[in-house]
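Each chain is listed here by its residues.
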Amino acid sequence: MSADTVERLRQAGVDVVRICYPDLIGVERGKDVLLDSLPRVIEHGLSFCQAAYYTSPQADVVPVPGGLDRGLPDIVIKPDLATMQELPWAPGVAHCLGDAYLPGGPPFLEEPRAVLKAAVARLGELGLAAVVGPELEYFLLEPDGTRYDGGPGNAYIVGNKGDKSGHLLRAMRSLTWLGVTMGNHEFSPGQFEINLLHGEPLDAADRAFRLKTAVKELARADGLNATFMARPFNDEGGSGFHVHLSCVGADGVNAFADAAAPYQLSEQAMHAIGGVIAHAPALAALLNPTINSYKRFGPDSLAPWLNDWGLDNRSAMLRIPPERGEATRLEVRLGDASANPYLGIAGLLAAVYLGIRDKTEPPEPLDGYGYDPPRAPVLPMSLPAALDAFAADAELSEVLGKEFTAAFLAYKRDEVQRFSRYVTDWEFREYAYHL
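Residues numbered from 1 in each chain as written. Predicted model: local features only at pLDDT ≥ 70, side-chain atom pairs only at ≥ 80, totals over all residues. Heavy atoms only, no water.

For the protein, the count of helices and strands is 11 helices and 14 strands. The C-alpha radius of gyration computed for the protein amounts to 22 Å, which stays within 12% of the reference 22 Å derived for 435 residues, consistent with globular compactness. When the backbone C-alpha atoms are referred to their principal axes, the protein occupies close to 65 × 65 × 50 Å. Here the protein holds 435 residues, and the buried ones make up 56% of them. (Helix = DSSP H or I, 4+ residues; strand = E, 2+ residues; numbered from the N terminus. Rg over C-alpha atoms; globule rule 2.2 N^0.38 Å. Buried < 20%, exposed > 50% of the residue type's maximum accessible area, 1.4 Å probe, protein only.)

In structure tokens:
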């Protein structure tokens, strides 16, 4: 297979293969491999320091057990050749995702693709396969950090009025191989959304991960910066990561559809809703994984901070879109764009699995406009609270893996501690002159 792959790539004019993988927080890590070296890499993999999974955005190695304490051991990344794709904006370069293994062969269970595969397998024990459709929003920034094309009132505008340099069209045309279906200027100045085709969970997460990396790469080529940070500006809302999710049975039929049931939702659909609602406090740690994430929430933010669901109701955390039959699905609106798509989707599949397995009944659906705390429980409103909820959810941790859970909690609690010691601009502005 390696000889055939090399020859096919050579015939296509490829001389470099970029082999990459997602770290714990969804940052792309990897190496560029000359084509003649690819057969050796396919056979033996690429060695990386395991602590790369625990590196902060500022390149500090976070002391997660198994990294620094073990002398910074290796992991091995082996290319998944099914993901090989030529990059339209980088002639001669192909991109390939890799899976992580410990030296000697066992899978590295903390790796995000492995976590998602485990959740897919657990859902499969119920005879179900998930179908996932990701939606991602992001802000485009000028080199000095100001908002790109910052004119007000450009919500859902197309063309140059909201996109003076045509960034969105260039991005969409370069990313058709990721299953891009449509895109638009979003609600805030300089904010965009790109939608992807639905697919099986690993493929959908792969495409969402690659979309984030590719949008950033294309923006840099234009002298701009794209950020999927949850809420980069005080005077604007944040960027979401919405996940459309359904399940099919062994017969290939949508298991969430039942024309004779209340709301035309099957028992499995109702139990899936119940599972997401029951585990939503813990899911917040995966879907809202940064200090900044929780600045996206609050009254009038239009981001879901109450634990509720509704029928075609965008003020609910979990929305059931109006389509039925084969299009019956959940839309989980909890996540923000900073989430690692593998972990966010894995968490949702784990919650759906637990809900269906345990026949968890949801509360009554939201009636009318939400965001009213007396009507629904408040979700975690800070990263420490979400991490505590995640640590307390033993069932969710068991599905996702105890190794991953321990690593994630250690990494994120270190992030909280580092932030708690950092003097912010707000503190200096608030206190320095008067106190």
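This is not the end of the story, as more comes after the structure.
The final tally for this structure, using the stated rule, is 0 disulfides. Cysteine Cys96 is unpaired, with the sulfur of Cys20 as its nearest cysteine sulfur at 8.9 Å. (Disulfide = S-S within 2.5 Å.)

Scanning the model with the defined rule gives 16 aromatic pairs in all. Between Phe209 and Tyr342, the ring centres sit 5.7 Å apart and the planes meet at 55°, which makes this aromatic pair tilted. One end of the pair, Phe209, is in helix H5 (residues 201-221); the other, Tyr342, is in helix H7 (residues 341-358), and 133 residues separate them in sequence. Under the relative-accessibility criterion, Tyr342 is labelled buried at 0%. Taken together, the ring pairs in this structure connect Tyr21, Phe48, Tyr53 and Phe108 into an aromatic cluster. Sitting above the plane of the Phe233 ring, Arg147 keeps its charged end 4.5 Å from the centroid. (Phe/Tyr/Trp six-rings, centres within 6.5 Å; stacked < 30°, edge-to-face > 60°. Lys NZ or Arg CZ within 6 Å of the ring centre and 35° of its normal.)

Turning our attention to the packing of helix H8 (residues 383-392) against helix H10 (residues 402-420). The interhelical angle for the contact between H8 and H10, taken along N-to-C directions, is 160°, at an axis separation of 10 Å. In terms of their interaxial angle, H8 and H10 are classed as roughly antiparallel. When the axes of H8 and H10 are compared, the crossing they make is left-handed. Mapping the contact onto sequence places Leu383, Pro384, Leu387, Asp388, Phe390 and Ala391 in H8 and Phe404, Thr405, Phe408, Leu409, Lys412, Arg413, Glu415 and Val416 in H10. Class assignment of the residues belonging to the contact of H8 with H10 gives a composition of 9 nonpolar, 1 polar and 4 charged. (Axes fitted to C-alpha atoms, helices over the stretch in contact; angles between N-to-C directions. Parallel < 35°, antiparallel > 145°, perpendicular 65-115°, else oblique. Left-handed = near helix turned anticlockwise from the far one by under 90°. Contact = heavy atoms within 4.5 Å. Nonpolar A, V, L, I, M, F, W, Y, C, P; charged D, E, K, R; others polar.)

With that out of the way, let us pick up the layout of surface pockets. Roughly 1800 Å³ of volume is contained in the largest pocket. Residue lining of the largest pocket: 46 residues in total, with Pro57, Gln58, Met229, Thr290 and Asn292 positioned closest to the centre. Where the lining of the largest pocket is concerned, the elements lending two or more residues are H5, H10 and helix H11 (425-431). The element that contributes the greatest number of residues to the lining of the largest pocket is H5, accounting for 8 residues. Of the residues belonging to the lining of the largest pocket, the class tally is 20 nonpolar, 11 polar and 15 charged. Space inside the second largest pocket adds up to approximately 1200 Å³. Taken together, 49 residues make up the lining of the second largest pocket; nearest its centre are Glu135, Glu193, His242, Arg314 and Glu331. Among the elements of the structure, strand E7 (129-141), strand E8 (180-185), strand E9 (191-196) and strand E11 (241-248) are those that each provide at least two residues to the lining of the second largest pocket. Here the lining of the second largest pocket gets 6 residues from one element, more than from any other, and that element is E7. Class assignment for the residues of the lining of the second largest pocket results in 18 nonpolar, 16 polar and 15 charged. (1 Å grid on protein atoms, 1.4 Å probe; cavity = no way out; pocket = protein on both sides within 12 Å on 5 of 7 lines; lining within 4 Å. Points joined across faces, edges and corners; volume = space filled by probe spheres on them.)

In this model H10 runs 27 Å from its N-terminal to its C-terminal C-alpha over 19 residues, within 8% of the 27 Å that 1.5 Å per residue would give. Among the residues of H10, Phe404, Thr405, Ala407, Phe408, Leu409, Tyr411, Lys412, Asp414, Glu415 and Val416 are the ones counted as buried. Looking at the buried residues of H10, the elements they touch are helix H3 (112-124), helix H6 (267-287), H7, H8 and helix H9 (394-400). (Expected span 1.5 Å × (residues − 1).)

Attention now goes to the environment of Pro65. Looking at the element boundaries, Pro65 is found in the loop between strand E3 (46-49) and strand E4 (74-79). A relative accessible area of 53% places Pro65 in the exposed class. For the pair formed by Pro65 and Pro143, sequence separation is 78 residues and the distance between their alpha carbons is 37 Å. Residues within four places of Pro65 in sequence aside, it is in contact with Tyr54 and Ala410.

Attention now moves to the pairing of E9. Here E9 lies mainly inside the structure; 6 of its 6 residues are buried. Side chains Gln191, Glu193 and Asn195 project from E9 onto one buried face, and the interleaved Phe192, Ile194 and Leu196 project onto a second face that is buried too. Looking at chain direction, E7 and E9 are connected through 5 bridges and run antiparallel. Across the sheet, the residue bridging to Glu137 is Glu193, located in E9. (Pairing = 2+ DSSP bridges.)

A few words now on the pattern of salt bridges. What the rule picks out here adds up to 23 salt bridges. Put simply, Asp358 and Arg357 hold a salt bridge, and the shortest N to O gap is 2.8 Å. When the shortest N-O distance is used, the salt bridge between Glu415 and Lys412 registers 2.8 Å. In this pair, Glu415 and Lys412 are both assigned in helix H10, 3 residues apart and thus about one turn of the helix distant. By the burial criterion, Glu415 is buried, and Lys412 matches it. What emerges from the salt-bridge pattern is a single network uniting Asp80, Asp99, Arg113, Lys117 and Asp206. (Salt bridge = Lys/Arg side-chain N within 4 Å of Asp/Glu carboxyl O.)

All right, on to a nonpolar patch on the surface then. On the surface, Val61, Leu68 and Leu72 cluster together to form a nonpolar patch covering roughly 220 Å² of accessible area. With respect to the helices and strands, the residue Leu68 is situated in the loop between E3 and E4. (Patch = residues over 30% accessible without salt bridge, like charges linked within 9 Å, V, L, I, M, F, W, Y side chains within 5 Å. Areas by Shrake-Rupley, 256 points an atom, 1.4 Å probe, with all protein chains shown as cover.)

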